[in-house]
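As a plain string of letters, each chain reads:
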Amino acid sequence: MQPSAEDLLKTYLGERSSERVLAGRTKRGEGEKIHAVIWLCRLRDSTRLSESIPMEDFFRSLNEFFDCTAGAVLERGGEILSYIGDAVLAIFAISGSAKPLREACFREEGACSAALAAARDARSRMDALNQRRVSRGEPPLEFGLALHVGDVMYGNLGVPQRVQFTVIGAAANETARLAGMCKDLKRWVLISSAFPRCFPGQMVSLGHHVMRGMTVPEEIFTLVGHNDDSTFER
């Protein structure tokens, strides 16, 4: 049975973006301000891996990486915006920008909680995958994940002939900077200071650090029970 056009749109654009297309909201520059958890996850040492194995094996490895990370996002209700080479950009939307962060922590809202659950799920999936890869004589895969909360503009960017749904804004830029700290701090997941306000006891502080392009130190956290840096010493 051939998939419907609507199913294909969801496959290629995601749930939220495909709904906008079907509703005719495709004009370039059209967007909305939303409050969201921003998820940015990048495969570690992908350049070295791509140069050490056949291209076909690297292609398969990337898909295995996305199965673990993007798959966890979708399982928890997140929206995949794009695959940026060896990275996954996703959001967990929080209804609207006017809603304060404390309401996003409520069980019925659940965006922050879902993002954290997806992070743990991605870690478990990757651990299971690496056991299979090692048994096949293949190198394990590792990733760096950043989680942040903030206002972003969600909408159409590009040229009239080719647009894409994405998010932009200071919060998105801050997430990218946070992801860049994973290797420096030797952690697979880094979380901004917005999260511990909602989930005390689930995270441990890694201290205050100045991220690239910023002058004021920011406190950075990681998950309790998942702060082992052994994967960065392989």
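Please read all numbers here as calculations on a predicted model, not as lab measurements.

Description of the overall build of the chain
Looking only at helices and strands, one finds 8 helices and 8 strands in the chain. In the chain, which comprises 234 residues, the share counted as buried stands at 44%. Taking contacts inside the chain between residues at least 6 apart in sequence as the whole, the part at least 24 apart equals 64%. A total accessible area of about 12300 Å² is found for the chain, and carbon and sulfur atoms account for 51% of it.

Describing the environment of G78
Mapped onto the elements, G78 comes out in the loop between α4 (55–75) and β2 (79–84). Taking the C-alpha atoms as reference points, G78 and A114, 36 residues apart in sequence, are found 7.9 Å from one another. When residues no more than four places from it in sequence are discounted, the contact partners of G78 are V73, I91 and F92.

Details of the pattern of salt bridges
Applying the stated criterion across every chain, the model contains 13 salt bridges. Between R44 and D45 there is a salt bridge; the shortest N-O distance is 3.6 Å. Among the residues examined, R44 registers a relative accessible area of 19% and is labelled buried. You can call D45 partly exposed: its relative accessible area is 30%. For the salt bridge of E138 with R133, the shortest nitrogen-to-oxygen distance reads 3.7 Å. Judged on exposure class, the residue E138 and its partner R133 are both buried.

Considerations on unusual backbone geometry
Generally, phi is negative for residues other than glycine and the peptide bonds are trans, each holding for most cases. The phi angle at D45 is positive, at roughly 55 degrees, despite the residue not being glycine. Although it is not a glycine, K186 sits at a positive phi angle of roughly 55 degrees. When you line up the elements, K186 lands in the loop between α8 (182–185) and β6 (189–191). For K186, a relative accessible area of 39% corresponds to the partly exposed category.

Thoughts on the pairing of β2
Note that β2 and strand β3 (residues 87–93) share 5 bridges and pair antiparallel. Within β3, the position partnered with Y83 by the bridge is V88. In textbook terms, the turn of a hairpin is the stretch between consecutive antiparallel strands, and for β2 and β3 this stretch comprises 2 residues, one of which, G85, has a positive phi near 65 degrees.

Here we look at helix α7 (residues 170–179)
Think of an α-helix as turning once every 3.6 residues; residues three or four places apart then point the same way. Those residues of α7 that sit buried are A171, A172, T175, L178 and A179. What you see down the axis of α7 is that its buried residues fit within an arc of 120 degrees, all on one side. Those residues of α7 that are buried lie in contact with β1 (31–43), β4 (143–159), β5 (162–168), α8, β6 and β8 (218–223).

Comments concerning the nonpolar core
Counting 44 residues, the largest nonpolar core has V37, W39, L147 and F195 as its most contacted members. Looking at this core, the element that brings in the most residues is helix α6 (residues 111–135), giving 10 residues. Grouped together as the second largest cluster of nonpolar side chains are 23 residues, I34, A87, F165 and L190 included.

Points about the confidence of the model for the chain
Confidence in the prediction for the chain averages 83 pLDDT; 77% of positions are at 70 or higher. Below a pLDDT of 50 lies the segment residues 96–101, which in the model reaches 13 contacts outside its immediate sequence neighbourhood of four places, other chains included.

Some points on the packing of α4 against α6
Contact geometry of α4 with α6 gives a least axis separation of 8 Å together with a crossing angle of 150 degrees. Between α4 and α6, the crossing angle belongs to the class labelled roughly antiparallel. The crossing of α4 and α6 is right-handed. Contact residues: α4 offers R60, S61, E64, F65, D67, C68, T69, G71, A72, V73 and E75, while α6 offers A118, D121, A122, R125, M126, L129 and R133. Of the residues belonging to the contact of α4 with α6, the class tally is 8 nonpolar, 3 polar and 7 charged.

The rules we used
- Residues numbered from 1 in each chain as written.
- Predicted model: local features only at pLDDT ≥ 70, side-chain atom pairs only at ≥ 80, totals over all residues.
- Heavy atoms only, no water.
- Helix = DSSP H or I, 4+ residues; strand = E, 2+ residues; numbered from the N terminus.
- Buried < 20%, exposed > 50% of the residue type's maximum accessible area, 1.4 Å probe, protein only.
- Contact = heavy atoms within 4.5 Å.
- Areas by Shrake-Rupley, 256 points an atom, 1.4 Å probe, with all protein chains shown as cover.
- Salt bridge = Lys/Arg side-chain N within 4 Å of Asp/Glu carboxyl O.
- Pairing = 2+ DSSP bridges.
- Arc of directions from axis to C-beta.
- Core = buried A, V, L, I, M, F, W, Y, C linked by side-chain atoms within 4.5 Å.
- pLDDT = per-residue confidence, 0-100.
- Axes fitted to C-alpha atoms, helices over the stretch in contact; angles between N-to-C directions.
- Parallel < 35°, antiparallel > 145°, perpendicular 65-115°, else oblique.
- Left-handed = near helix turned anticlockwise from the far one by under 90°.
- Nonpolar A, V, L, I, M, F, W, Y, C, P; charged D, E, K, R; others polar.

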